[in-house]
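Reading the structure
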Amino acid sequence: MGRKTQMNKLTSPELLARVNPENRLLLEDFLRYLQSIQRSPGTIAQYRSDLNIFFVYNMKYNDNKPFRKVTKRAIVNYQHWLINENGNSPARVRRLKAALSSLSNYIDTILVGDDEDYDDFRPIVKKIENPAKSAVREKTILTEEQVLKLLNELHRLGKDERACFVALAAYSGRRKAELLRFKVSDFDDDNVVYGSLYRTPRQIKTKGRGVNGKMLTCYTLAKPFRPWFDYWMAQREKKRIDSEWLFPDPKDPSKPRTVYAVSGWAKEFSDILGVEAYVHMFRHFFTSHLASSGIPDGIIQEIVGWESQDMVKLYNDNDITDELGKYFKDGDIVAQETKSLSDL
């Protein structure tokens, strides 16, 4: 069974309007603090979302108390509610509590001694033991045949933008948000290196702390990606889509699509494949594809932009039995032919 994420709509403008005004002001002050230390917009948005969940819960079930008066018992009850009534995983609960802990640290560092309302405040969130970690998701491991099936079906349905998105994910290994930062010009013929890889002529923001995140030169396997890129370019020409972005916002082509706008595509991919699909599975596929083709871990590390080869092992889903079978047969050690990237 594929992996599933519990997604419940816990907040709304109507509910947030009923949240204690003191808590709403505290949240805005905290978010401005995060901006002042250059946390990324995505990180700040996530803090807002996570903390709004608590403040709505607090409004409904804890008398809408100011955060400075929330007790340890209330935090325990919140954790119980998340797990047993809302169906959240231990990992999700840990993240929601981490947001509360960060808010508590802000109060303790900035407001205590500066605002008399908070002089009696003591951080309590970390005193509450987290739920035990548990493996609640089964990883979806894709074969090359499944990827091609998905690509061909999307093309048959005339959904060439989605096919291009899948191909880029599968043959670059980039994360969902990163895929939306590619431009059409990144795939000019002049950007092909070693006859095998598109190399972006500029650095692209990837996951990392700060406004700019981690800036990387990104690589894409040219041979398997190019047909799906060409299909999408041809469809764009027919539709007279003029934008520098590979996946432009339909309402404003001067901007790329948002992560929110493409999140629903995974459901379509699931329906076609018959397994639970999510964009991050293509990062695993890309790493496994390179590894099974004989590309050394150190080269994979450089292509993806990881700081450690340990990440290659984490994302390589190839069965060790199959790997051993490449080197041992009929009692002998079998030499392996070295492949180049142009063979992929």
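See the structure above.
What this report covers is the structure whose coordinates are included nearby.

When its secondary structure is counted, the protein chain shows 15 helices and 7 strands. The burial tally for the protein chain puts 43% of its 344 residues in the buried class. Within the protein chain, counting contacts between residues at least 6 apart in sequence, those at least 24 apart form 64% of the total.

Attention now goes to the sheet that holds strand S1 (residues 192-193). Read across the sheet, 3 strands follow the order S1-S2-S5 without closing on themselves; strand pairing throughout is antiparallel. The open sheet terminates on both sides in strands that have one partner only, identified here as S1 and strand S5 (219-221). When strand S2 (residues 197-199) meets S5, the two strands line up antiparallel, connected through 3 bridges. Opposite Arg-199, over in S5, you have Tyr-219 as the bridge partner.

For the rest of this paragraph, the subject is the nonpolar core. Formed by 55 residues in total, the largest nonpolar core has its most connected members in Phe-165, Tyr-171, Phe-225 and Leu-246. Looking at which element gives the most residues to this core, the answer is helix H7 (residues 160-172), with 9 residues. Among residues more than four places away in sequence, those in contact with Tyr-171 are Val-147, Leu-148, Leu-151, Tyr-219, Thr-220, Leu-221, Pro-224, Phe-225, Phe-285 and Phe-286. Ranked by size, the runner-up nonpolar core spans 37 residues in total, among them Leu-34, Tyr-78, Leu-100 and Ile-107.

By the secondary structure assignment, Ala-222 is in helix H9 (residues 222-239). In this structure, Ala-222 is in contact with Ser-196, Leu-197 and Tyr-198, ignoring residues within four places of it in sequence.

Criteria and cut-off values
Residues numbered from 1 in each chain as written. Predicted model: local features only at pLDDT ≥ 70, side-chain atom pairs only at ≥ 80, totals over all residues. Heavy atoms only, no water. Helix = DSSP H or I, 4+ residues; strand = E, 2+ residues; numbered from the N terminus. Buried < 20%, exposed > 50% of the residue type's maximum accessible area, 1.4 Å probe, protein only. Contact = heavy atoms within 4.5 Å. Pairing = 2+ DSSP bridges. Core = buried A, V, L, I, M, F, W, Y, C linked by side-chain atoms within 4.5 Å.

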